[in-house]
Amino acid sequence: MRTVALSALTLAALAIAPRAQAVEPLDVFSARIGGYITSWDTKVRADGTTSRGTEVDLHKDFGLDDSPTVGYVGVTWRPWDHHEFGLTYYQDSSKALRQITRDVTFRDQTYQVNSVLSAEVGVDAYEAYYVWWAGTRENWALGPRVGVIWYSLDMKLALQVDANGNQVGGGRQSEANADLPTITLGGAWRWTPGGHGPWRIGADLGYFKANVDNVDGDVTFGRIGVEYFPWEQAGFSLDYTISKLNIDANKTDFIGNLDFTDSGLKLGFVYRW
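These figures come from a predicted structure and were not determined experimentally.

Draft legend 1. Looking closely at the pattern of salt bridges. Following the criterion strictly, the structure yields 14 salt bridges and no others. Asp27 is the partner of Arg200 in a salt bridge, and the nearest nitrogen-oxygen pair spans 2.8 Å. One end of the pair, Arg200, is in strand S11 (residues 199–212); the other, Asp27, is in the loop between helix H1 (2–16) and strand S1 (29–46), with 173 residues separating them in the sequence. Residue Arg200 shares its accessibility class with Asp27, and that shared class is buried. One connected set of salt bridges, linked through shared partners, spans Glu127, Arg145, Arg190, Asp204, Arg223 and Asp239.

Here it is, written out as C-alpha coordinates:
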(Lines give C-alpha, C1' and ligand atoms only; values in the text may rest on other atoms or scores of the structure.)
Protein backbone atom coordinates (compact mmCIF):
# COMPACT_ATOMS: atom_id res chain seq x y z
CA MET A 1 0.00 0.00 0.00
CA ARG A 2 2.87 2.40 0.72
CA THR A 3 4.29 1.76 -2.76
CA VAL A 4 0.89 2.42 -4.37
CA ALA A 5 0.50 5.66 -2.39
CA LEU A 6 3.98 6.78 -3.36
CA SER A 7 3.32 6.12 -7.06
CA ALA A 8 -0.03 7.94 -6.89
CA LEU A 9 1.64 10.95 -5.26
CA THR A 10 4.28 11.01 -7.98
CA LEU A 11 1.67 10.93 -10.76
CA ALA A 12 -0.36 13.65 -9.08
CA ALA A 13 2.69 15.88 -8.78
CA LEU A 14 3.50 15.40 -12.44
CA ALA A 15 -0.10 16.09 -13.47
CA ILE A 16 -0.24 19.51 -11.79
CA ALA A 17 3.31 20.52 -12.70
CA PRO A 18 3.91 23.37 -15.18
CA ARG A 19 5.73 23.07 -18.46
CA ALA A 20 8.90 21.01 -18.07
CA GLN A 21 12.37 22.58 -18.22
CA ALA A 22 15.60 21.31 -19.75
CA VAL A 23 18.19 19.81 -17.39
CA GLU A 24 21.86 18.88 -17.77
CA PRO A 25 23.42 15.57 -16.64
CA LEU A 26 25.24 17.22 -13.69
CA ASP A 27 24.33 19.94 -11.21
CA VAL A 28 26.64 22.38 -9.48
CA PHE A 29 24.57 22.03 -6.31
CA SER A 30 21.42 20.15 -5.33
CA ALA A 31 19.42 19.62 -2.16
CA ARG A 32 16.60 17.15 -1.67
CA ILE A 33 14.12 16.21 1.00
CA GLY A 34 11.56 13.43 0.90
CA GLY A 35 10.17 10.17 2.17
CA TYR A 36 11.86 6.78 2.25
CA ILE A 37 9.85 3.55 2.32
CA THR A 38 12.57 1.39 3.80
CA SER A 39 12.51 -2.37 4.32
CA TRP A 40 14.83 -4.01 6.83
CA ASP A 41 16.12 -7.55 6.75
CA THR A 42 18.27 -7.66 9.87
CA LYS A 43 19.96 -10.52 11.69
CA VAL A 44 22.24 -9.69 14.59
CA ARG A 45 24.36 -11.55 17.14
CA ALA A 46 25.59 -9.52 20.11
CA ASP A 47 28.33 -11.30 22.04
CA GLY A 48 29.17 -10.53 25.64
CA THR A 49 32.43 -10.67 27.57
CA THR A 50 31.79 -14.21 28.79
CA SER A 51 29.37 -15.78 26.28
CA ARG A 52 28.52 -15.92 22.61
CA GLY A 53 25.20 -14.35 21.69
CA THR A 54 22.27 -15.89 19.82
CA GLU A 55 21.69 -14.84 16.22
CA VAL A 56 18.24 -13.26 16.10
CA ASP A 57 16.06 -11.86 13.34
CA LEU A 58 14.71 -8.51 14.52
CA HIS A 59 11.46 -8.91 12.57
CA LYS A 60 10.72 -12.62 12.98
CA ASP A 61 11.92 -13.02 16.58
CA PHE A 62 10.77 -9.71 18.05
CA GLY A 63 8.13 -8.37 15.65
CA LEU A 64 9.94 -5.11 14.89
CA ASP A 65 8.43 -3.23 11.94
CA ASP A 66 10.63 -3.95 8.92
CA SER A 67 8.83 -1.61 6.47
CA PRO A 68 8.60 1.86 8.03
CA THR A 69 8.31 5.16 6.15
CA VAL A 70 10.82 7.81 7.24
CA GLY A 71 12.09 11.18 6.07
CA TYR A 72 15.48 11.75 4.50
CA VAL A 73 17.66 14.66 3.37
CA GLY A 74 20.54 14.85 0.91
CA VAL A 75 22.87 17.35 -0.76
CA THR A 76 25.37 17.25 -3.62
CA TRP A 77 28.08 19.78 -4.50
CA ARG A 78 30.31 19.96 -7.58
CA PRO A 79 32.86 22.71 -6.86
CA TRP A 80 34.92 21.75 -9.92
CA ASP A 81 33.76 20.44 -13.30
CA HIS A 82 34.82 16.82 -12.77
CA HIS A 83 34.55 16.48 -8.97
CA GLU A 84 31.34 15.94 -7.01
CA PHE A 85 30.64 15.35 -3.30
CA GLY A 86 27.39 14.13 -1.76
CA LEU A 87 25.82 13.38 1.60
CA THR A 88 22.53 11.65 2.57
CA TYR A 89 21.03 11.09 6.03
CA TYR A 90 17.98 9.43 7.54
CA GLN A 91 16.95 8.21 10.98
CA ASP A 92 14.60 5.36 11.84
CA SER A 93 13.39 3.55 14.96
CA SER A 94 11.03 0.74 15.88
CA LYS A 95 9.86 -1.05 19.04
CA ALA A 96 7.66 -4.04 19.82
CA LEU A 97 6.60 -6.49 22.54
CA ARG A 98 6.92 -10.22 21.82
CA GLN A 99 6.87 -13.59 23.62
CA ILE A 100 9.97 -15.42 22.48
CA THR A 101 9.83 -19.04 21.28
CA ARG A 102 13.40 -20.01 22.18
CA ASP A 103 16.20 -19.08 24.57
CA VAL A 104 17.97 -15.88 23.51
CA THR A 105 21.38 -14.71 24.73
CA PHE A 106 22.15 -11.03 24.10
CA ARG A 107 25.23 -9.33 25.63
CA ASP A 108 25.67 -11.89 28.45
CA GLN A 109 21.95 -11.86 29.32
CA THR A 110 19.97 -15.05 28.63
CA TYR A 111 16.20 -14.79 28.24
CA GLN A 112 14.33 -18.09 28.52
CA VAL A 113 11.76 -19.40 26.09
CA ASN A 114 8.20 -18.08 26.69
CA SER A 115 9.50 -14.90 28.28
CA VAL A 116 7.96 -11.62 27.09
CA LEU A 117 10.51 -9.07 25.90
CA SER A 118 10.29 -5.51 24.74
CA ALA A 119 12.67 -4.80 21.84
CA GLU A 120 13.80 -1.45 20.51
CA VAL A 121 16.12 -0.55 17.64
CA GLY A 122 17.22 2.84 16.35
CA VAL A 123 19.20 3.49 13.18
CA ASP A 124 21.04 6.62 12.07
CA ALA A 125 22.30 6.17 8.50
CA TYR A 126 24.82 8.43 6.78
CA GLU A 127 26.08 8.00 3.23
CA ALA A 128 28.85 10.23 1.87
CA TYR A 129 30.51 9.89 -1.52
CA TYR A 130 32.93 11.40 -4.02
CA VAL A 131 32.72 11.00 -7.81
CA TRP A 132 35.37 11.89 -10.36
CA TRP A 133 33.39 12.48 -13.54
CA ALA A 134 36.07 11.16 -15.85
CA GLY A 135 33.82 11.04 -18.93
CA THR A 136 31.38 13.86 -19.68
CA ARG A 137 29.37 14.55 -22.83
CA GLU A 138 26.42 16.77 -23.70
CA ASN A 139 23.81 14.39 -22.29
CA TRP A 140 25.70 11.90 -20.10
CA ALA A 141 28.44 11.63 -17.47
CA LEU A 142 30.32 8.62 -16.11
CA GLY A 143 33.01 8.17 -13.50
CA PRO A 144 34.47 6.17 -10.59
CA ARG A 145 32.85 6.59 -7.17
CA VAL A 146 34.13 6.23 -3.58
CA GLY A 147 31.52 6.08 -0.84
CA VAL A 148 31.35 5.74 2.95
CA ILE A 149 28.22 4.27 4.53
CA TRP A 150 27.99 4.74 8.29
CA TYR A 151 25.28 3.03 10.32
CA SER A 152 24.84 3.91 13.98
CA LEU A 153 22.62 1.25 15.59
CA ASP A 154 21.15 1.14 19.08
CA MET A 155 19.51 -2.17 20.07
CA LYS A 156 17.87 -2.89 23.43
CA LEU A 157 16.07 -5.90 24.94
CA ALA A 158 14.18 -5.71 28.25
CA LEU A 159 12.46 -8.53 30.12
CA GLN A 160 8.81 -7.71 30.92
CA VAL A 161 7.41 -11.14 31.91
CA ASP A 162 9.66 -14.08 32.80
CA ALA A 163 9.23 -17.69 31.65
CA ASN A 164 7.09 -18.46 34.73
CA GLY A 165 4.63 -15.65 33.99
CA ASN A 166 5.94 -13.24 36.63
CA GLN A 167 5.83 -9.53 35.85
CA VAL A 168 9.33 -8.06 35.78
CA GLY A 169 8.73 -4.65 34.20
CA GLY A 170 12.04 -4.23 32.41
CA GLY A 171 14.19 -4.92 35.45
CA ARG A 172 16.54 -7.05 33.36
CA GLN A 173 17.74 -5.50 30.14
CA SER A 174 20.69 -5.52 27.77
CA GLU A 175 21.79 -3.02 25.17
CA ALA A 176 24.19 -2.99 22.22
CA ASN A 177 25.37 0.14 20.42
CA ALA A 178 27.26 -0.14 17.15
CA ASP A 179 28.92 2.50 14.99
CA LEU A 180 29.74 0.68 11.78
CA PRO A 181 31.63 2.55 9.03
CA THR A 182 32.02 0.80 5.67
CA ILE A 183 33.64 1.84 2.38
CA THR A 184 32.34 1.21 -1.14
CA LEU A 185 34.21 1.46 -4.44
CA GLY A 186 32.29 1.56 -7.72
CA GLY A 187 30.92 3.90 -10.35
CA ALA A 188 28.28 6.54 -11.08
CA TRP A 189 26.33 7.41 -14.26
CA ARG A 190 23.96 10.23 -15.24
CA TRP A 191 21.98 10.55 -18.49
CA THR A 192 19.46 13.01 -19.90
CA PRO A 193 17.46 11.15 -22.60
CA GLY A 194 16.97 13.07 -25.85
CA GLY A 195 19.58 15.71 -25.05
CA HIS A 196 18.65 18.52 -22.65
CA GLY A 197 15.17 17.33 -21.73
CA PRO A 198 13.26 17.49 -18.42
CA TRP A 199 14.17 13.93 -17.43
CA ARG A 200 17.38 12.67 -15.88
CA ILE A 201 18.27 9.05 -15.14
CA GLY A 202 21.06 8.05 -12.77
CA ALA A 203 22.67 5.00 -11.21
CA ASP A 204 25.34 4.34 -8.57
CA LEU A 205 26.97 1.06 -7.64
CA GLY A 206 29.61 0.16 -5.09
CA TYR A 207 31.17 -2.84 -3.32
CA PHE A 208 33.99 -3.35 -0.85
CA LYS A 209 35.37 -6.13 1.32
CA ALA A 210 37.93 -5.30 3.98
CA ASN A 211 38.70 -4.82 7.66
CA VAL A 212 38.26 -1.18 8.71
CA ASP A 213 38.42 -0.07 12.35
CA ASN A 214 37.90 -3.65 13.66
CA VAL A 215 34.90 -4.11 11.36
CA ASP A 216 35.53 -7.07 9.03
CA GLY A 217 33.07 -7.81 6.26
CA ASP A 218 31.63 -6.78 2.95
CA VAL A 219 29.12 -4.17 1.80
CA THR A 220 27.19 -3.73 -1.43
CA PHE A 221 25.44 -0.50 -2.39
CA GLY A 222 23.22 0.27 -5.38
CA ARG A 223 20.86 3.00 -6.55
CA ILE A 224 18.87 3.63 -9.70
CA GLY A 225 16.53 6.57 -10.12
CA VAL A 226 14.75 9.06 -12.32
CA GLU A 227 14.26 12.80 -11.89
CA TYR A 228 11.73 15.12 -13.54
CA PHE A 229 12.09 18.92 -13.59
CA PRO A 230 8.92 20.88 -14.34
CA TRP A 231 10.74 24.01 -13.15
CA GLU A 232 14.22 25.19 -14.09
CA GLN A 233 15.65 24.75 -10.60
CA ALA A 234 13.17 22.39 -8.94
CA GLY A 235 11.69 18.97 -9.57
CA PHE A 236 10.98 15.50 -8.24
CA SER A 237 13.02 12.33 -7.83
CA LEU A 238 12.12 8.66 -7.46
CA ASP A 239 14.91 6.23 -6.49
CA TYR A 240 15.28 2.60 -5.55
CA THR A 241 18.25 2.00 -3.24
CA ILE A 242 19.76 -1.02 -1.54
CA SER A 243 22.58 -1.43 0.99
CA LYS A 244 23.65 -4.88 2.13
CA LEU A 245 26.18 -5.42 4.94
CA ASN A 246 27.53 -8.63 6.39
CA ILE A 247 30.12 -7.84 9.02
CA ASP A 248 31.91 -9.16 12.08
CA ALA A 249 32.78 -6.44 14.58
CA ASN A 250 35.18 -6.47 17.51
CA LYS A 251 34.73 -3.01 18.94
CA THR A 252 34.40 -1.70 22.48
CA ASP A 253 30.72 -0.87 21.89
CA PHE A 254 29.78 -3.95 19.85
CA ILE A 255 31.18 -7.48 19.53
CA GLY A 256 29.33 -9.83 17.22
CA ASN A 257 27.87 -10.16 13.76
CA LEU A 258 25.42 -8.07 11.77
CA ASP A 259 23.68 -9.15 8.55
CA PHE A 260 21.77 -6.05 7.49
CA THR A 261 19.89 -5.27 4.27
CA ASP A 262 18.29 -1.85 3.88
CA SER A 263 16.30 -1.27 0.68
CA GLY A 264 13.34 0.72 -0.55
CA LEU A 265 11.88 3.61 -2.56
CA LYS A 266 12.71 7.29 -2.07
CA LEU A 267 10.44 10.07 -3.33
CA GLY A 268 11.95 13.51 -3.03
CA PHE A 269 11.65 17.16 -3.93
CA VAL A 270 14.87 18.49 -5.52
CA TYR A 271 16.23 22.02 -5.68
CA ARG A 272 19.19 22.45 -8.00
CA TRP A 273 21.38 24.81 -9.97
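Draft legend 2. The side chain of Thr76, seen in detail. Within the element layout of this structure, Thr76 appears in strand S3 (residues 69–80). A relative accessible area of 13% places Thr76 in the buried class. Among the polar contacts made by the side chain of Thr76, one reaches the side chain of Ser30 at a distance of 2.6 Å.

Draft legend 3. Layout of the pairing of S1. In this structure, S1 lies alongside S3, joined through nine bridges in antiparallel fashion. Considered in S3, the bridge of Ile37 is made with Thr69. Direction of pairing for S1 relative to strand S14 (residues 255–272): antiparallel, over a ladder of 17 bridges. Counted as the bridge partner of Thr38 is Gly264 from S14.

Draft legend 4. Examining the nonpolar core more closely. With 39 residues, the main nonpolar core has Phe62, Tyr151, Met155, Leu157, Leu180 and Phe254 as its most contacted residues. Of the residues forming this core, the biggest block, six residues, is contributed by strand S9 (residues 140–161). Residues within four places of Met155 in sequence aside, it is in contact with Val44, Phe106, Glu120, Val121, Ser174, Glu175, Ala176 and Phe254. The next biggest cluster of nonpolar side chains, apart from the first, holds six residues, and it includes Leu26, Val131, Ala141 and Ala188.

Draft legend 5. Region of interest: the environment of Gly74. On the secondary structure map, Gly74 appears in strand S3. Its relative accessible area of 7% is what places Gly74 among the buried residues. Through-space distance from the C-alpha of Gly74 to that of Val219 is 21 Å; in sequence the pair is 145 residues apart.

Draft legend 6. Region of the structure containing the confidence of the model for the chain. Summing up the model confidence of the chain, the mean pLDDT is 88 and the portion of residues at 70 or higher is 91%. For the chain, per-element mean pLDDT is lowest for H1, which scores 47, and highest for strand S8 (residues 135–136), which scores 96. Below pLDDT 50 for its whole length, residues 1–15 participates in 15 contacts with residues either more than four positions away or in separate chains.

Draft legend 7. Inspection of the packing of aromatic side chains at higher detail. Under the criterion given, the structure shown has eleven aromatic pairs. On the numbers, 5.1 Å between centres and 80° between planes, the contact of Tyr36 with Tyr90 is edge-to-face. With Tyr36 in strand S1 and Tyr90 in strand S4 (residues 83–99), the pair connects residues that are 54 residues apart, well separated along the chain. Summarising the burial analysis for this pair, Tyr36 and Tyr90 share the class buried. Seen from their ring centres, Trp199 and Tyr228 are 4.5 Å apart, and the 40° between their planes marks the pair as tilted. With Trp199 in strand S11 and Tyr228 in strand S12 (residues 215–228), the pair connects residues that are 29 residues apart, well separated along the chain. Chaining the aromatic ring pairs together yields one cluster made of Phe29, Tyr271 and Trp273.

Draft legend 8. Quick look at unusual backbone geometry. Of note, Arg107 is a non-glycine position whose phi angle comes to about 55°, a positive value. When you line up the elements, Arg107 lands in the loop between strand S5 (104–106) and strand S6 (109–111). Looking at Arg107, the relative accessible area reads 29%, which means it is partly exposed. Backbone geometry places Asp108, a non-glycine residue, at a positive phi of 75°. With respect to the helices, strands and loops of the structure, Asp108 is situated in the loop between S5 and S6.

Draft legend 9. A look at the environment of Gly147. Position of Gly147 among the secondary structure elements: in strand S9. Linking Gly147 and Val131, residues 16 residues apart in sequence, is a C-alpha distance of 8.6 Å.

Draft legend 10. The pairing of S4, seen in detail. Relative to S4, S3 runs antiparallel, the two being bridged by seven bridges. Opposite Trp77, over in S4, you have Phe85 as the bridge partner. Turn length for the S3-S4 hairpin, with the two strands adjacent in sequence and antiparallel, is two residues. With 17 bridges joining them, S4 and strand S7 (residues 116–132) adopt antiparallel strand pairing. Directly across from Tyr90, in S7, lies its bridge partner Ala125.

What counts and what doesn't
- Residues numbered from 1 in each chain as written.
- Predicted model: local features only at pLDDT ≥ 70, side-chain atom pairs only at ≥ 80, totals over all residues.
- Heavy atoms only, no water.
- Salt bridge = Lys/Arg side-chain N within 4 Å of Asp/Glu carboxyl O.
- Helix = DSSP H or I, 4+ residues; strand = E, 2+ residues; numbered from the N terminus.
- Buried < 20%, exposed > 50% of the residue type's maximum accessible area, 1.4 Å probe, protein only.
- Polar contact = N/O pair within 3.5 Å; in protein donor to acceptor, adjacent residues only side chain to side chain.
- Pairing = 2+ DSSP bridges.
- Core = buried A, V, L, I, M, F, W, Y, C linked by side-chain atoms within 4.5 Å.
- Contact = heavy atoms within 4.5 Å.
- pLDDT = per-residue confidence, 0-100.
- Phe/Tyr/Trp six-rings, centres within 6.5 Å; stacked < 30°, edge-to-face > 60°.

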